[in-house]
Amino acid sequence: MAARLLKSLQPLASKSVSTPALISKRWKPTSAKYDQCLLNAPETKITTLQNGVRVATEDSGLPSCTVGLWVEAGSRYESDRTNGVANLLEHLAYRGTSTRSQADIVKDIEGIGAHLNSYTGREQTAFYAKASAQDAEKVLDVVADILQNSKFDQGDIDAERKVIHQELQEVETDLQQVILDYLHATAFQGTPLARSIYGSTKNINTLTREDLLEYRSTNLKGPRIVLAAAGGVDHEQLVRAAEKTVGTIATAYDSTEIPLVSNCRFTGSEVSTACIVPYEPPTFFSFCRNYRQFFTLCNAWKRVLVPRNEF
């Protein structure tokens, strides 16, 4: 390689000895095509159980894996009176089930070095765990148990109400989260998507155990659940484990009326608020503080808002 490089430089050196040759090498960016990117991506295998639960896996051969259950349920599927019940249900899932206490859940997860997590959105709720590949079936058993068999004891409900109240206070200080809630309330006025995920303080204090059981029985149906796993997972082995853990989830509704989700229309509008504060003579430190708050708020709006011509 060095000989070929020196040979290519000889014509340049022979032309002018006093003027050194300038060699520039420009690196051109390379772009891969779509089909080329798919060559290194693991195959996505999907199997639908008899009750409608879909099992989707991607086996990348890694020594770790992530296994979770995604349910088509969230604040959009609540009513004005029960707004916040999905978030409360997520909190109570870790309090114990009919087969596991709270200590047993912690023991079964942390005993194998796994990590259990969950979140509630407007249109979906998820419970998932990260663990070693050999423990995929164990974490699936725990995740499926807390999703289906949470006890919802009254003492736990009262305790989690206090936790959610603290969350509401923290959320009110998070400008980005507040702006997102206002954005949904403005863009989807009069529709379920306008509701906040956390619910109001009044709803949190009035939600009952019956509301939690009704919400779970109404929304926890097989066709609305996806079992997804990625990492070092064997698809057929996970399907057999899914048949034992989530294969018995019902598909039919107990009542004759199937709950319908109303359409969510987009409303192009804007909401402006004014705040009157007592006058305070400006100082250098107050100016810096107010400017910093204004700058943070502007950056939050910049990340959230979309130009009107992009809708």
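Before reading on, note that the structure itself is shown above.
Attention here is on the structure that accompanies the text. Computed from a predicted model, the values in this text were never measured in an experiment. (Residues numbered from 1 in each chain as written. Predicted model: local features only at pLDDT ≥ 70, side-chain atom pairs only at ≥ 80, totals over all residues. Heavy atoms only, no water.)

### Focus: the pattern of salt bridges
Under the criterion given, the structure shown has 12 salt bridges. With its nearest N and O atoms 3.8 Å apart, the salt bridge here joins Arg-95 to Asp-156. Taken together, the positions of Arg-95 in the loop between helix 3 (85–92) and helix 4 (102–110) and Asp-156 in helix 6 (residues 154–172) put the pair 61 residues apart, joining distant regions of the chain. Residue class for Arg-95 comes out partly exposed when judged on its relative accessible area of 23%. Given the relative accessible area of 17%, Asp-156 is considered buried. (Salt bridge = Lys/Arg side-chain N within 4 Å of Asp/Glu carboxyl O. Helix = DSSP H or I, 4+ residues; strand = E, 2+ residues; numbered from the N terminus. Buried < 20%, exposed > 50% of the residue type's maximum accessible area, 1.4 Å probe, protein only.)

### Examining unusual backbone geometry
Look at Phe-152: it is not a glycine, yet its phi comes out positive at around 60°. Relative to the assigned elements, Phe-152 resides in the loop between helix 5 (136–148) and helix 6.

### Looking at the packing of aromatic side chains
Inspection of the entire model under this criterion finds three aromatic pairs. With a centroid separation of 6.3 Å and 75° between ring planes, the pair formed by Phe-188 and Phe-266 is classed as edge-to-face. One end of the pair, Phe-188, is in the loop between helix 7 (175–187) and helix 8 (201–206); the other, Phe-266, is in the loop between helix 10 (235–245) and helix 11 (284–304), with 78 residues separating them in the sequence. When its relative accessible area of 47% is taken as the criterion, Phe-266 is described as partly exposed. The positively charged end of Lys-221 is found above the aromatic ring belonging to Tyr-253, 4.9 Å away from the centroid. Between the NZ or CZ atom of Arg-224 and the centre of the ring of Tyr-77, over which it lies, the distance is 4.8 Å. (Phe/Tyr/Trp six-rings, centres within 6.5 Å; stacked < 30°, edge-to-face > 60°. Lys NZ or Arg CZ within 6 Å of the ring centre and 35° of its normal.)

### Focus on the sheet that holds strand 3 (residues 64–71)
Sheet architecture is open: six strands sit in the order 1-2-6-3-5-4, paired in mixed fashion. Pairing within the sheet leaves two strands with one partner each, and these edge strands are strand 1 (44–48) and strand 4 (115–120). With direction set aside, neighbouring strand axes in the sheet form an average angle of 15°. Of the strand pairs in this sheet, strand 3 and strand 5 (residues 125–132) are connected by eight bridges, and their pairing is antiparallel. Paired with Trp-70 across the strands is Ala-126, a residue of strand 5. (Pairing = 2+ DSSP bridges. Axes fitted to C-alpha atoms, helices over the stretch in contact; angles between N-to-C directions.)

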